Amino acid sequence: GDDLRRIGPWLQTLLLAQTLQQKFSEWSGGNPSVTLSAAIEFMKVNHPLNRAARMAEQRLEEAKNGGRNAISVLDRKPKTWRALTEELAAADRLTRHLRSGDISQAFGYRLLEIVRTKERVESGGRVDLRDASWRAHWGYLLARQFDGKKKNDPAAQELRNFLNSLLALDTELRPSSGSSAIAAGAIQIALYRNRKFSTGGDQEPTPD
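Thresholds applied
Residues numbered from 1 in each chain as written. Predicted model: local features only at pLDDT ≥ 70, side-chain atom pairs only at ≥ 80, totals over all residues. Heavy atoms only, no water. Helix = DSSP H or I, 4+ residues; strand = E, 2+ residues; numbered from the N terminus. Polar contact = N/O pair within 3.5 Å; in protein donor to acceptor, adjacent residues only side chain to side chain. Contact = heavy atoms within 4.5 Å. Axes fitted to C-alpha atoms, helices over the stretch in contact; angles between N-to-C directions. Parallel < 35°, antiparallel > 145°, perpendicular 65-115°, else oblique. Left-handed = near helix turned anticlockwise from the far one by under 90°. Nonpolar A, V, L, I, M, F, W, Y, C, P; charged D, E, K, R; others polar. Buried < 20%, exposed > 50% of the residue type's maximum accessible area, 1.4 Å probe, protein only. Core = buried A, V, L, I, M, F, W, Y, C linked by side-chain atoms within 4.5 Å. Patch = residues over 30% accessible without salt bridge, like charges linked within 9 Å, V, L, I, M, F, W, Y side chains within 5 Å. Areas by Shrake-Rupley, 256 points an atom, 1.4 Å probe, with all protein chains shown as cover. Salt bridge = Lys/Arg side-chain N within 4 Å of Asp/Glu carboxyl O. Expected span 1.5 Å × (residues − 1). Arc of directions from axis to C-beta.

With that settled, the discussion passes to the side chain of Thr-95. Within the element layout of this structure, Thr-95 appears in helix H3 (residues 81–100). In this structure the side chain of Thr-95 is engaged in a polar contact, spanning 2.7 Å, whose partner is the backbone oxygen of Ala-91. With sequence-adjacent residues up to four places away left out, Thr-95 is seen in contact with Ala-190 and Arg-193.

Put into structure tokens, the structure is as follows:
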């Protein structure tokens with residue numbers, strides 16, 4: 001196959017990659033033997049292009065070696081295109097809550113920290129007691145966020161359930177049948193989108 005390299009704004013590039021994969025799948029008739037792999041490397045505007053290109057090429061090789069038909073972005077582990085779609089959808093929802101003031105940017109970063117801690121615990125490596133009690137810590141953060149009059153508010157309850165689902169937890173903070181694999185990427189995207197929004201950055205595209 002042929003490789004294509006593009007430089008562009010981070011969010012537009014993510015959405016372009018998603019659209020290209022969808023169109024490519026339609027063109028190939030959904031043939032599982034015809035695959036498309038991609039990699040996106042984030043960089044600052046003053047970052048050397050040759051270095052960024054090498055890092056993107058490494059990511060692309062990881063996506064191909066990880067089974068193909070995957071994309072490497074944000075995390076080092078390649079993800080399926082379906083996971084990226086779910087990630088972007090969750091990021092859209094989380095972004096709306098950040099911009100409406102339902103949750104703060106600081107709460108978003110604490111949520112990301114909890115997700116990272118959960119990943120460390122579930123990786124099977126050595127963890128300290130503080131990491132092992134991540135669920136109790138999350139319960140404490142939720143109690144502070146949804147206390148008093150918010151507790152019985154249907155909209156607040158829906159938001160609480162959504163946040164728990166990012167950690168694959170049910171309403172009682174017990175492990176659910178869901179997956180938290182998309183959580184870290186979704187949170188990072190939402191936090192970055194909100195940072196651009198709150199500082200008056202360029203207007204971002206509206207996903208279809």
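Attention shifts here to the packing of helix H1 (residues 10–27) against H3. Packed helix pairs are specified by the crossing angle of their axes together with the interaxial distance, meaning the distance between the axes. Closest axis-to-axis distance for the H1/H3 pair is 11 Å, and the angle between their directions is 135 degrees. Considering their axes alone, H1 and H3 lie oblique with respect to each other. The two elements H1 and H3 meet at a crossing, and its hand is left-handed. In contact with Leu-14, Leu-15, Ala-17, Gln-18 and Gln-21 of H1, H3 contributes Trp-81, Leu-84, Thr-85 and Leu-88. For the contact of H1 with H3, the class distribution of residues is 6 nonpolar, 3 polar and no charged.

Once that is clear, we can look at the side chain of Asn-194. On the secondary structure map, Asn-194 appears in helix H8 (residues 183–198). On the accessibility criterion, Asn-194 (7% relative accessible area) is buried. Beyond its immediate chain neighbours, meaning those up to four positions away, Asn-194 contacts Leu-98, Arg-99 and Gln-105.

Moving on: the nonpolar core. Ranked by size, the top nonpolar core spans 44 residues in total, and within it Leu-14, Ile-71, Leu-111, Trp-138, Leu-163 and Leu-167 carry the most contacts. Going through the elements one at a time, H1, strand S1 (38–40), strand S2 (70–73), H3, helix H4 (105–122), helix H6 (134–145), helix H7 (154–166) and H8 are the ones with two or more residues in this core. When residues of this core are assigned to their parent elements, the largest contribution, 8 residues, is made by H3. Ile-71 has contacts with Ala-17, Ala-38, Ala-39, Ile-40, Pro-78, Lys-79, Thr-80, Trp-81 and Leu-84, leaving out every residue within four places of it along the chain.

This part takes up a nonpolar patch on the surface. Judged by side-chain polarity, Leu-4, Leu-16 and Leu-20 come together as a nonpolar surface patch covering roughly 300 Å² of accessible area. Its location among the elements puts Leu-16 in helix H1.

Here H6 contains 12 residues, and its C-alpha end-to-end distance of 16 Å stays within 8% of the 16 Å for a straight helix at 1.5 Å per residue. Residues Trp-134, Trp-138, Gly-139, Leu-141, Leu-142 and Gln-145 constitute the buried set of H6. All buried residues of H6 project into a common sector of 165 degrees when viewed along the axis, lining one side. In H6, the exposed positions that point more than 90 degrees away from the buried face belong to Ala-136 and Arg-144. Lining the buried residues of H6 we find H4, helix H5 (129–132) and H7.

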